[in-house]
Amino acid sequence: MDGTILISIYIFVLAIFVGFEVITKVPPLLHTPLMSGSNAISGITIVGAIISAGAGDYQLSQILGMVALICATINVVGGFMVTDRMLEMFKKEKKQEK
Amino acid sequence: MSVLIDSFYLLSAVLFIIGLKNLGSPKTARKGNLYAMIGMLIAIVVTLIDKSILHYTYIIAGIVVGGAIGAYAAKVVEMTSMPQMVALFNGFGGAASTFVALSEYLADVERGEAFLFSNELIITIVLSILIGTVTFFGSLIAFAKLQGLMSGAPIVFKGQQATNALLLLVTFALAYMLMQDASQIELIYVIIGLAAVLGILSVIPIGGADMPVVISLLNSYSGLAAAATGFVLNNNVLIISGALVGASGLILTNIMCKAMNRSLANVLFAAVGTSDSSGQMARGDKSKVTEYSAEDAAMVLDSASSLIIVPGYGLAVAQAQHVLQELAQILMDRGVKVRYAIHPVAGRMPGHMNVLLAEANVPYDLLVEMDDINEDFQNTDIALVIGANDVINPAARTDKDSPLYGMPILNVDQAKSVMIVKRSLSPGFAGVDNSLFYDPKTMMLFGDAKKMVTDLVKELKDL
């Protein structure tokens, strides 16, 4: 158990550094889509929610899992769709100098 | 958990990282979002075929209901309401973490395995529930403030921070008690209650103008909540994704704080912004300013050769961004060089103003960041300010006693002449008078932003 949690902490810390590296250079233009997009990614809890809702045989746990699943799915579906909707609006200037 | 499933989770994590990377450039951003979507889809499908899944009724119900709500919300939300929407999505992410951790815990206790709980497991369960619940309730308050359901003014009482610290302390004490006997289910419910209060108390003292920071921070929390759940489930894709989002939220929080020249601690605890700007009395004396009519201003604009437009949130509130772009287009057609200068905290969330202008079909290459355009103001004929105030206040540069002092501002005062569209002379969020209004080279155009810009368009067409 000790070893497992230590490896998990390793992964967590390294992933934070990856996050800093990848995101630091994002221009302000894209801050809102970045936020809603990363927000959708944080909905990855959906994986845990699926397991909670579908595994085991304790009904209270499954119902809680389903509630979690509803929340996480709103987060994932809503987040990705609204990000796409915003990014679709970003257009480059159409040959201004004729 | 089989090797195959874990490899697919790794693939998902890689797609998230590539997706985020691509979100960093306007050309590839849509593709980046798509990569992240595919990553998510892979993670979901792989989980669904996991052999530990026994029944699908609740899963199908959850996905259908959640998917419908999410899709509907994403379709109908107004771009001005984007900050509330993201706050709410953050909150749901947090709630999901709480429910998953609670569900896992209760299932294990029910199976009579409470005595098997290691101390680490209890810590991760409590953290997952704590962060998730704080995120959910904090986001609800942020949503209510942004949506105008409650006042944007800070709510403070004596001993607020001490209360928060105490709540946190009690939570940890309860976690310690759980370590002695993990089957005390009622303790978990008390922890949820404490975390709810903590979430509410930590957001109510933060003023409406500081919301961009709060949303960024809650975004970071929602990532940390997911990561904490990953520790509970011992699932690496949750840990990696949660860490990525946690980092991205922290970066944005930091950028927002810098743009306001405030420390995070100051934003969270100082309760800046005594009331909404709408409630402020006009302090200035109108007789000391140069007032222009739309007709005169249109003539000035027509004779200019370069123009920088400085949009603020007041522009979006008045829904004037579309007609503003019409104005810009007319001037560009007449050979005026037009650009937009965007302050990092323009709007109610990071990058909000860019989205609002993109919706009004403003090409993104006309939108210039503060640092890239500040040098150009001195060579520009007119700076047209609409609905912005504090971000152009020269007091931030000169007046050491001003609460704005040190905040990076747009150098509007260096333009050859300045045109400001504003309802009255009332100060902005920070409650500070703006000396630029009284500058002889400043033309004040009093009125509602949308009506005034519409009038300018009309006058320009008549010229």
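Residues numbered from 1 in each chain as written. Chains lettered and ligands numbered in written order. Predicted model: local features only at pLDDT ≥ 70, side-chain atom pairs only at ≥ 80, totals over all residues. Heavy atoms only, no water.

1. What about the sheet that holds strand β7 (residues 442–446) of chain B?
All names here are of chain B. Operational definition: Strand pairing is defined by DSSP finding a minimum of two bridges between the two strands. Labels follow the DSSP assignment, with helices taken as runs of H or I lasting at least four residues and strands as runs of E lasting at least two, numbered in each case from the N terminus.
Read across the sheet, 7 strands follow the order β1-β7-β6-β5-β2-β3-β4 without closing on themselves; strand pairing throughout is parallel. For this open sheet the edge positions go to β1 (290–291) and β4 (367–369), each flanked by a neighbour on one side alone. By the bridge criterion, 5 bridges tie strand β6 (residues 417–422) to β7 in an arrangement that is parallel. Looking at the pairing, Met419 lines up with Met443 of β7.

2. Here's the deal with the packing of helix α3 (residues 45–54) of chain A against helix α4 (residues 59–89) of chain A
Residues and elements named next belong to chain A. Here is the rule we go by: Note on definitions: angles span 0 to 180 degrees between N-to-C directions of axes, and those axes are lines fitted to C-alpha atoms, for helices only across the stretch in contact. Working rule for angles: under 35 degrees goes down as roughly parallel, over 145 as roughly antiparallel, 65 to 115 as roughly perpendicular, anything else as oblique. Left-handed is the label given to a crossing in which the near helix is rotated counterclockwise from the far helix by less than a right angle, and right-handed is the label when the rotation is clockwise. Whether two residues are in contact is decided by their heavy atoms, any of which lying within 4.5 Å being enough. Residues are grouped as follows: nonpolar covers Ala, Val, Leu, Ile, Met, Phe, Trp, Tyr, Cys and Pro; charged covers Asp, Glu, Lys and Arg; every other residue, Gly included, is treated as polar.
Where α3 contacts α4, the axes come no closer than 7 Å and their chain directions differ by 155°. Here α4 runs roughly antiparallel to α3, going by the angle between their axes. Pair α3 / α4 crosses with left-handed handedness. Where α3 abuts α4, its residues Thr45, Ile46, Ala49, Ile50, Ser52 and Ala53 lie against Ser61, Gln62, Gly65, Met66, Ala68, Leu69, Ala72, Thr73 and Val76. Within the contact of α3 with α4, the residues separate by chemical class into 9 nonpolar, 6 polar and no charged.

3. Remarks on the interface of chain A and chain B
Just so we agree on the cut-off: Summed over both partners, the accessible area (1.4 Å probe) lost when two parts come together is defined as the buried area. Note on definitions: salt bridges are taken to be side-chain nitrogens of Lys or Arg within 4 Å of carboxyl oxygens of Asp or Glu. Definition of a polar contact: a pair of N or O atoms within 3.5 Å, with one able to donate and the other able to accept a hydrogen when the atoms are protein atoms, and with sequence-neighbouring residues admitted only if both atoms are side-chain atoms.
Contacts between chain A and chain B engage 84 residues on the former and 106 residues on the latter. Note on chain A versus chain B: buried area summed over both sides is about 8500 Å², and carbon and sulfur give 75% of it. Broken down residue by residue, the surface that chain A buries against chain B is led by Met35(A), Ile44(A) and Ile74(A), which jointly contribute 8%. There are 1 salt bridge connecting chain A and chain B. Here Arg30(B) ties to Asp84(A) by a salt bridge, and the two come within 3.0 Å at their closest N and O atoms. Remark: the boundary between chain A and chain B carries 22 residue pairs in polar contact (both at pLDDT 80 or more). When contributions to the side of chain A that touches chain B are tallied by element, the ones reaching two or more residues are α1 (2–23), α2 (31–42), α3 and α4 of chain A. Ranked by residues supplied to the side of chain A that touches chain B, first place goes to α4(A) with 31 residues.

4. Let's talk about unusual backbone geometry
Residue and element names in this part refer to chain B. The phi angle at Asn261 is positive, at roughly 55°, despite the residue not being glycine. Following the sequence through the fold, Asn261 ends up in the loop between α9 (236–259) and α10 (264–269). At Gln319, a position not held by glycine, the phi torsion is positive, near 55°. With respect to the secondary-structure elements, Gln319 resides in the loop between α12 (313–317) and α13 (321–333).

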